[in-house]
Amino acid sequence: MDEQRTPVTVHVYCRVEVLVTDPTAVTGQAIADLRAADIDWSAEEDDLETAVEDLRSDVVTALASVVDISRLGDGVPGVEFRGGLCWAEEGPARDPFPVEGR
């Protein structure tokens, strides 16, 4: 293997559809993750309990908070996750990346 190759930055675009069959489990995981996070709440606009209530009241926000896109390249040799953006929306799918031939 040639270790002298220059790394290449690649952007991977994905759209994933999920069916939330247990909103309580999703919000429970999001709340547990939030409580376990090392957040300096004095530097935030809200507090822990306000953030918890936001997650309880919005399963879409809760789901977006627990999806871990950093694992996208797990097990792929020669790939290092550098960052990304993940969000969730309710309703019909948007088509921001039209596919030719459809």
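Bear in mind that the values here come from a model prediction, so they are computed numbers and not experimental data. (Residues numbered from 1 in each chain as written. Predicted model: local features only at pLDDT ≥ 70, side-chain atom pairs only at ≥ 80, totals over all residues. Heavy atoms only, no water.)

## Structural notes on the layout of surface pockets
Applied cut-off: Grid points spaced at 1 Å and placed over the protein atoms alone form the basis of the search, with a cavity being a set where a 1.4 Å probe fits but cannot get out and a pocket an open set showing protein on both sides within 12 Å along at least five of seven lines. Lining residues have an atom within 4 Å of a point. Grid points are joined across faces, edges and corners, and a volume is the space filled by probe spheres set on the points. By the criteria applied, helices consist of DSSP H or I runs no shorter than four residues and strands consist of E runs no shorter than two, each listed in order from the N terminus. Ten residues, namely Ala, Val, Leu, Ile, Met, Phe, Trp, Tyr, Cys and Pro, are considered nonpolar, four, namely Asp, Glu, Lys and Arg, are considered charged, and the remaining ones, Gly among them, are considered polar.
Approximately 160 Å³ is the volume attributed to the second largest pocket. As for the second largest pocket, its lining consists of Ala 30, Asp 33, Leu 34, Ala 37, Ala 51, Leu 55, Thr 61, Ser 65 and Val 66. Elements with a minimum of two residues in the lining of the second largest pocket: α1 (23–36), α2 (48–57) and α3 (59–66). Counted by class, the lining of the second largest pocket contains six nonpolar, two polar and one charged residues.

## As for α1
Owing to its 3.6 residues per turn, the α-helix brings residues three or four apart onto one side. The line we're drawing: A helix is expected to reach a length of 1.5 Å times the quantity of its residues less one. For each residue, the accessible area found with a 1.4 Å probe, counting protein chains only, is set against the maximum for its type, and the residue is called buried under 20%, exposed over 50%, and partly exposed in between. To obtain the arc, one takes the directions from the helix axis to the C-beta atoms.
A rise of 1.5 Å per residue sets the reference length of α1, with its 14 residues, at 20 Å; its end C-alpha atoms lie 20 Å apart and thus fit the reference within 8%. Restricting attention to buried positions, one finds in α1 the residues Val 26, Thr 27, Ala 30, Ile 31 and Leu 34. Buried residues of α1, seen end-on, are gathered within an arc of 130 degrees and therefore sit on one face of the element. Exposed side of α1, more than 90 degrees from the buried face: Thr 24 and Ala 36 are the residues found there.

## Notes on α3
Keep this limit in mind: It only takes one pair of heavy atoms within 4.5 Å for two residues to be counted as in contact.
Regarding α3, the residues found buried are Val 60, Ala 62 and Leu 63. Buried residues in α3, looked at end-on, bunch into an arc of 160 degrees, giving them a common side. Residues of α3 that are buried make contact with α1 and α2.

## So, the nonpolar core
The test is simple: Definition used in this section: a nonpolar core is a set of buried Ala, Val, Leu, Ile, Met, Phe, Trp, Tyr and Cys residues joined via side-chain atoms within 4.5 Å.
One finds Val 26, Ala 30, Ile 31, Leu 34, Ala 51, Val 52, Leu 55, Ala 62 and Leu 63 forming the largest nonpolar core, which totals nine residues. Contributions of two or more residues to this core are made by α1, α2 and α3. For this core, the leading source of residues is α1, giving four residues. Setting aside residues up to four positions removed in sequence, Leu 34 forms contacts with Ile 39, Trp 41, Leu 48, Ala 51, Val 52 and Leu 55.

## Regarding the pattern of salt bridges
Worth spelling out the cut-off: One speaks of a salt bridge when a side-chain nitrogen belonging to Lys or Arg is within 4 Å of a carboxyl oxygen belonging to Asp or Glu.
For the coordinates displayed, the defined rule picks out three salt bridges. Of the charged contacts, one joins Glu 49 and Arg 35 as a salt bridge, the two residues approaching to 3.1 Å between their closest N and O atoms. With Glu 49 in helix α2 and Arg 35 in helix α1, the pair connects residues that are 14 residues apart, well separated along the chain. Judged by its relative accessible area of 41%, Glu 49 is partly exposed. The partner of Asp 74 in a salt bridge is Arg 71, and the shortest N-O contact between them spans 3.4 Å. Each of the two residues, Asp 74 as well as Arg 71, counts as exposed.

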